[in-house]
Amino acid sequence: MNEPITVTYDLVEVLKELKQDIKDVNTKLEKLNTIEVELAEIKTEVRNLKEDVRDIKTVQNTLVKEVSDLKGFRSLILPLIVGGISAVIGGIVTAVFRLPSLLLKP
C-alpha cells in the first residue's frame, strides 16, 4: 500500500501551467477591481438620481397644489361674472321701468 507515486509530467511544464493560471487569476482580479470601482460610481450616480427624483417630486407636488389653487380661483371667477352681469341687467331693468315714471312726473 505504500507504493511510491510517480509523476510523469515534466516539472517545467507544470510550472508554466501554474504561472499561466496565476496570470489568469491576476487578470481576473484586475477586472474585478475595475468592476468594483465602476459599481461604486454607479451607486453614487443612483444616489444622485434618487435625490433629483425627490426634488422633482417636491416641485411636482408644489405645482399640483398651485394649479389646484388656480382652479379654485377660476371657479370663483364665473360666479363673480354672473353676479356682475345680473347686477348690470338688474340696473338696466330698473332704469327702464323707473325712467318713464321719472320723466312723466310733474
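Along every chain, residues carry numbers that run from 1 in the direction the sequence is written. For a predicted model such as this one, the threshold for reporting local features is a pLDDT of at least 70, and the threshold for listing and counting side-chain atom pairs is 80 or more; totals across whole chains, interfaces and linings nevertheless cover every residue. Side-chain measures here rest on the full set of heavy atoms in the structure, leaving out hydrogens and waters.

**A closer look at the overall build of the chain**
Step number 1: Under the scheme used here, helices are H or I runs from DSSP no shorter than 4 residues and strands are E runs no shorter than 2 residues, and both carry numbers assigned from the N terminus. From N to C terminus, the chain includes one helix and zero strands.
Step number 2: The globule rule used here is 2.2 Å times the number of residues to the 0.38 power, and the radius of gyration it is set against is calculated over C-alpha atoms. Computed over its C-alpha atoms, the radius of gyration of the chain comes to 45 Å, more than 25% above the 13 Å expected for a compact globule of 106 residues.
Step number 3: Taken over the C-alpha atoms alone, the chain extends approximately 150 × 30 × 15 Å along its principal axes.
Step number 4: When the accessible surface of the chain is totalled, it reaches about 10,400 Å², and 66% of it is carbon and sulfur.
Step number 5: Each charge class in the chain was averaged separately, 15 positive and 16 negative side chains, and the resulting centres sit 22 Å apart. Surface exposure here means Shrake-Rupley accessible area, sampled with a 1.4 Å probe, where a residue is shielded only by the protein chains that are shown. In summary, the charge assignment counts Lys and Arg as positive and Asp and Glu as negative, without counting His or the chain termini. To locate a charge, the coordinates of NZ of Lys, CZ of Arg, CG of Asp or CD of Glu are taken.

**Some words on a negative patch on the surface**
Step number 1: Grouping into patches uses exposed residues only, defined as over 30% relative accessible area, and leaves out salt-bridged ones; the cut-off is 9 Å for like charges and 5 Å for nonpolar side chains (Val, Leu, Ile, Met, Phe, Trp, Tyr). Whenever Lys or Arg places a side-chain nitrogen within 4 Å of a carboxyl oxygen from Asp or Glu, that contact is recorded as a salt bridge. On the surface, a cluster of negative charge is made up of Asp10, Glu13, Glu17, Asp21 and Asp24.
Step number 2: On the secondary structure map, Asp24 appears in helix α1 (residues 11–104).

**Let's talk about a positive patch on the surface**
Step number 1: Taken together, the side chains of Lys43, Arg47, Lys50 and Arg54 present a region of like positive charge at the surface.
Step number 2: Here Arg54 is to be found in helix α1.

**Some thoughts on a nonpolar patch on the surface**
Step number 1: Together, Ile5, Val7, Tyr9, Leu11, Val14, Leu15 and Leu18 give the surface a local cluster of nonpolar side chains, amounting to about 800 Å² of exposed area.
Step number 2: Position of Ile5 relative to the elements: it lies in the segment before α1.

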